[in-house]
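Inside the fold
Next come the chains, spelled out residue by residue.
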Number of protein chains: 2
Amino acid sequence: MTDPDDLLPEGLEDRLPTEAARLTAAMRGALDVLDSHGYDRVRPPLVEFEHSLAGRMAGVTPRRMFRFVDPASLRTLALRSDMTPQIGRIAATSLANAPRPLRLSYSGEVVTIRADQLDPARQRLQLGAELVGSDSAEAAGEVVALAVEALAAAGAQGISVDFTMPDLVDTLAANALPIASDRIENVRRELDMKDAAALREAGGEAYVPLIYAAGDFDEAIARMTELDDGGALASRIAGLRQAAQRVPADVRCTLDPAERHGFEYQSWLGFTIYAAGSRGAVGRGGTYCIRGSEERATGFSLYLDALPPAANGDAPRQTLFLPLGHDREVAARLRAIGWRTIAALAEGEDARALGCTHRLDGAEAVAVEA
Amino acid sequence: MTDPDDLLPEGLEDRLPTEAARLTAAMRGALDVLDSHGYDRVRPPLVEFEHSLAGRMAGVTPRRMFRFVDPASLRTLALRSDMTPQIGRIAATSLANAPRPLRLSYSGEVVTIRADQLDPARQRLQLGAELVGSDSAEAAGEVVALAVEALAAAGAQGISVDFTMPDLVDTLAANALPIASDRIENVRRELDMKDAAALREAGGEAYVPLIYAAGDFDEAIARMTELDDGGALASRIAGLRQAAQRVPADVRCTLDPAERHGFEYQSWLGFTIYAAGSRGAVGRGGTYCIRGSEERATGFSLYLDALPPAANGDAPRQTLFLPLGHDREVAARLRAIGWRTIAALAEGEDARALGCTHRLDGAEAVAVEA
């Protein structure tokens, strides 16, 4: 008999010990990498004014958030669905006078009111870094290399990076391949959909070759360079090359120049990160502009719960059963050198059933027999 | 000019780098202690069905929670205000068949809709441990000792523990000092208020001496033993002594037998923990019964953001500035041995302003001059 109160709402779940331990270790590993590169962690609150969360980035819409009225202010609050706008707010307010470039990191739970089509989860662990004050190629290189290093420290394997050029159509429309401004949105959409016929119909004939430019990074960059007759994209192409050079040689890089989905607030460079066995993307980043302060920035977010469970299972941890009446000082000394202990509360407890591999006998750890 | 969207709602705040680093280190320290004693971390979601959060513990009321309708189930959800009921739910459902005693730990943000009188914060970091399947004196001793050890690992100083006997009045009313059942609630309240006149008026004349039993643990226990003519409290007094013995000698223990406030769901033993310089209590725990499964348990929660900021400030961290064109392999090797690095993005950056103590010169770290 299941009490309905024992169930969790759709898309919200418990992480039980094995999975919680993996997630905690992954998070610590990734955060330690960010810290070692000079990124200072900040911890914004779970709940803010709706306007504050939604106002600072294009693409972060209140429709995706749980909202409710604050009895204290009578204003609408929202549960965060993305921490990036919070970091932008901190950079623009409390840390407005901190020297630039400003390196910040964060990690926390985010919740969306509805699941998306690809992922039923409504709560995710978001972890990331923002380099505030620069969106140069050097900044992009630092950030993409950092994202890969952090993800590897979180235990990801088979990492690959897919670059994109979020403002590609705007750039070309203004220069090399002019389109009427009322047609830009349609061209952008059909290009993103990779629908050549619809793209022609929308007046984007000249953009069709971009559909076929996607693929292996070096090949795609070569094709883009060919297509870029007038050199309108030259600085972007050089920037992409510089950033991709920072990615370790064993990480596969691709380029899908026209990909826009999920890059609503990025400017000249965006990237998506994948790992072997993960459900969908495990991370996303790029260059952008913080609304309000209009400061340029580069950053990324990782979603560590998208990583697959540890493939090799858990090696059984060395755990020491402490019988009733054991010497507590001996036990404390053993913990200090790395033992995990489980103390008996009553006679007759089964050390093996409690997960113990050893039992304390006097001052000695003796293996528990199978 | 402050944009109102840049403000945070009352009682919700950002933790900026210094404070966030302290909180993260405190949390890791405490969680590592819980892990070393065999407590497995679980991670329940931020949001659940309101009934599920409110139903499992007396004293956890929906009035304190932000609530909203779930578009998926059309049921009322709530943002958790306490993680303890979530751990009870996990123990009673997913881990119902795990061997007992079951040791679980947790850490996460909790939010209340209104601040309480003593503390304006509406979001707190709750961290704790639950020992499910026992509420014996041995279990209470393990849990109170663990709470103190975890708090010390989180950096707390001047720790003290105040014990209480949450079901004292019920126990005495049923045996040694009978009171009519419709008067018990009033006696309990006036005793908690320590108002001798009102207590007499409520028919609790015989309970007045309990008001004066509070104080230093050993003295208070001696007074309680004297008062306990018929021995109705003997097992409780013995249990309290056994639990208090597990507290390190440098931690001050007191007993306030009639204190009830904040112990709505505890049974024979409760305790409150304080630390030097903290706003109010930093932790609370005791023995209780999980509603629904009716399983006995012992546990505690700590609120690490109640700890005072680190007194001695931060020793400046050794941070290495990496000029443009530095050798990236050298930098990676230095990070691997513990250096924190900050890489230049452009010429002319001020290493000192960015917080660097050293600068990489070839393969060598050279102190940055003042």
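Source: prediction; values computed, not measured.

**A closer look at the packing of helix α1 (residues 17–36) of chain A against helix α4 (residues 137–153) of chain A**
Residue and element names in this part refer to chain A. Two elements in contact, α1 and α4, have axes whose closest approach is 7 Å; the angle formed by their N-to-C orientations is 145°. In this structure, α1 meets α4 at a crossing whose hand is right-handed. Contacts between α1 and α4 involve Gly29, Ala30, Val33 and Leu34 from the first element and Leu146, Glu149, Ala150 and Ala153 from the second. Of the residues in the contact of α1 with α4, the class split is six nonpolar, one polar and one charged.

**Here's the deal with the pattern of salt bridges**
Residues and elements named next belong to chain A. Counted by the stated rule, this structure contains 52 salt bridges over all chains. In this structure, the salt-bridge partner of Glu19 is Arg22, at a minimum N-O distance of 2.9 Å. Residue Glu19 and its partner Arg22 are located together in helix α1, separated by three residues, close to a single helical turn.

**Focus on the side chain of Thr254 of chain B**
Summarising the element assignment, Thr254 of chain B is placed in strand β9 (residues 252–255). Beyond its immediate stretch of four places on either side in the chain, Thr254 of chain B contacts Val161, Asp162, Phe163, Gly215, Asp216 and Phe217 of chain B.

**Here we look at the relation of the copies chain B and chain A**
Rotating chain B by 180° and translating it 0.0 Å along the rotation axis places it on chain A, where the RMSD comes to 0.0 Å. Accordingly, the operation relating the two chain copies is best matched by a two-fold axis. No C-alpha of chain B lies nearer the rotation axis than that of Phe68 of chain B, which sits 3.3 Å from it. The overlap is high: 100% of the interface residues of chain B also sit at the interface in chain A, so the same surface is used on both sides.

**Quick notes on unusual backbone geometry**
With an omega of -10°, the peptide bond between Arg100 of chain A and Pro101 of chain A qualifies as cis. With respect to the helices and strands, Pro101 of chain A occurs in the loop between α3 (84–92) and β5 (102–111). Positive phi outside glycine occurs at Lys194 of chain A, with the angle close to 60°. As for its placement among the helices and strands, Lys194 of chain A is situated in the loop between α6 (184–193) and α7 (196–201). Note on Lys194 of chain A: relative accessible area 34%, which makes it partly exposed. Phi is positive for Leu74 of chain B, which is not a glycine, with a value near 60°. Among the structural elements, Leu74 of chain B can be located in the loop between β3 (67–69) and β4 (76–79).

**Let's talk about the packing of aromatic side chains**
Inspection of every chain in the model, using the stated rule, returns nine aromatic pairs over all chains. Their ring planes at 35° and their centres at 4.7 Å tell us that Phe66 of chain A and Phe68 of chain B sit as a pair that is tilted. Here Phe66 of chain A, found in the loop between α2 (50–55) and β3 (67–69), pairs with Phe68 of chain B, found in strand β3, and the two come from separate chains. Pair check on accessibility: Phe66 of chain A and Phe68 of chain B agree, each one buried. Centre to centre, the rings of Tyr265 of chain B and Tyr288 of chain B are 5.5 Å apart; their planes meet at 75°, and the pair counts as edge-to-face. With Tyr265 of chain B in the loop between β9 and β10 (266–274) and Tyr288 of chain B in strand β11 (residues 283–290), this pair connects stretches of sequence that are 23 residues apart. A residue is classified by how much of its surface remains accessible, and Tyr288 of chain B, at 3% relative accessible area, is buried. Linked through ring pairs, Phe66 and Phe68 of chain A together with Phe66 and Phe68 of chain B together constitute an aromatic cluster. Over the ring of Tyr303 of chain A we find Arg124 of chain A, and its NZ or CZ is 3.9 Å from the ring centre. Over the ring of Phe49 of chain B we find Arg75 of chain B, and its NZ or CZ is 3.8 Å from the ring centre.

**Overview of the domain arrangement of chain A**
By domain assignment, chain A separates into domain 1 (4–155 + 279–298) and domain 2 (319–367). Taking only C-alpha atoms into account, the centre of domain 1 of chain A sits 41 Å from that of domain 2 of chain A.

**Concerning the UniProt feature "binding site: L-histidine" (unreviewed entry) in chain A**
Residue and element names in this part refer to chain A. Under the feature "binding site: L-histidine" (unreviewed entry), the UniProt entry names Asp82, Met83, Thr84, Gln126 and Glu130. In summary, the annotated positions, though distributed over 49 residues, converge in three dimensions, the widest C-alpha pair being only 13.2 Å. Along the polypeptide, Thr84 turns up in helix α3. Of note is the side chain of Thr84, whose polar atom sits 2.9 Å from the side chain of Asp82. Mapped onto the elements of the fold, Glu130 is located in strand β6 (residues 123–132).

**Digging into the pairing of β4 of chain B**
All names here are of chain B. Direction of pairing for strand β2 (residues 47–49) relative to β4: antiparallel, over a ladder of three bridges. Each bridged residue has a counterpart across the sheet, and for Phe49 the counterpart in β4 is Leu77. The pairing of β3 with β4 spans three bridges and is antiparallel. Along β4, the bridge assignment pairs Arg67 with Ala78. In sequence, β3 turns back onto β4 through a hairpin of six residues, with Leu74 there showing a positive phi of about 60°.

**Examining the packing of helix α9 (residues 217–227) of chain B against helix α10 (residues 234–245) of chain B**
All names here are of chain B. The N-to-C vectors of α9 and α10 enclose an angle of 170°; their axes lie 11 Å apart at closest approach. On the basis of the axis angle, α9 is roughly antiparallel to α10. Between α9 and α10, the residues in contact are Phe217, Ile221, Met224 and Thr225 and Ile237, Leu240, Arg241 and Ala244, respectively. Of the residues belonging to the contact of α9 with α10, the class tally is six nonpolar, one polar and one charged.

**So, the interface of chain B and chain A**
Quoted interface sizes are often the accessible area lost when the parts come together. With 86 residues of chain B at the contact, the number on the chain A side is 86 residues. Of the roughly 7,000 Å² buried at the junction of chain B and chain A (both faces included), carbon and sulfur atoms supply 56%. Broken down residue by residue, the surface that chain B buries against chain A is led by Arg28, Arg43 and Leu345 of chain B, which jointly contribute 11%. Applying the counting rule to chain B against chain A returns 16 salt bridges. A salt bridge links Arg122 of chain B to Asp70 of chain A; the nearest nitrogen and oxygen atoms lie 2.8 Å apart. Across the chain B-chain A interface, the total number found is 30 residue pairs in polar contact (both at pLDDT 80 or more). Among the residues making up the side of chain B that touches chain A, the classes are represented as 43 nonpolar, eleven polar and 32 charged.

**Things to note about the sheet that holds strand β2 (residues 47–49) of chain A**
Residues and elements named next belong to chain A. In spatial order, the strands read β2-β4-β3; together these three strands make up an open sheet with antiparallel pairing. Each end of this open sheet is capped by a strand with a single partner; those strands are β2 and β3. In this sheet, adjacent strand axes meet at a mean angle of 35° when their direction is disregarded.

**A short note on the environment of Ala365 of chain B**
All names here are of chain B. Take Ala365: it is sitting in strand β16 (residues 364–367). For Ala365, a relative accessible area of 30% corresponds to the partly exposed category. Separated by 146 residues in sequence, Ala365 and Glu219 place their C-alpha atoms 60 Å apart. Not counting the four nearest positions on each side in its chain, Ala365 is found in contact with Leu320, Trp339, His358, Arg359 and Leu360.

**A look at the sheet that holds strand β11 (residues 283–290) of chain A**
All names here are of chain A. The sheet built from nine strands is open, its strands ordered β1-β5-β6-β12-β11-β10-β7-β9-β8 with mixed pairing. Because the sheet does not close on itself, it has two edges, and the strands there are β1 (40–41) and β8 (215–216). Relative to strand β12 (residues 295–303), β11 runs antiparallel, the two sharing eight bridges. Looking across to β12, one finds that Arg284 is bridged to Ser301. The strands touched by α1 are β1, β5, β6 and β12; relative to β6, the strand with the most contacts, the crossing angle is about 5°.

Rules used throughout
- Residues numbered from 1 in each chain as written.
- Chains lettered and ligands numbered in written order.
- Predicted model: local features only at pLDDT ≥ 70, side-chain atom pairs only at ≥ 80, totals over all residues.
- Heavy atoms only, no water.
- Axes fitted to C-alpha atoms, helices over the stretch in contact; angles between N-to-C directions.
- Helix = DSSP H or I, 4+ residues; strand = E, 2+ residues; numbered from the N terminus.
- Left-handed = near helix turned anticlockwise from the far one by under 90°.
- Contact = heavy atoms within 4.5 Å.
- Nonpolar A, V, L, I, M, F, W, Y, C, P; charged D, E, K, R; others polar.
- Salt bridge = Lys/Arg side-chain N within 4 Å of Asp/Glu carboxyl O.
- Least-squares fit on C-alpha atoms with pLDDT ≥ 70 in both.
- Buried < 20%, exposed > 50% of the residue type's maximum accessible area, 1.4 Å probe, protein only.
- Phe/Tyr/Trp six-rings, centres within 6.5 Å; stacked < 30°, edge-to-face > 60°.
- Lys NZ or Arg CZ within 6 Å of the ring centre and 35° of its normal.
- Domains from an automatic or database assignment.
- UniProt positions renumbered as here; feature names shortened; annotations may be inferred.
- Polar contact = N/O pair within 3.5 Å; in protein donor to acceptor, adjacent residues only side chain to side chain.
- Pairing = 2+ DSSP bridges.
- Parallel < 35°, antiparallel > 145°, perpendicular 65-115°, else oblique.
- Buried area = accessible area lost by both parts, 1.4 Å probe.

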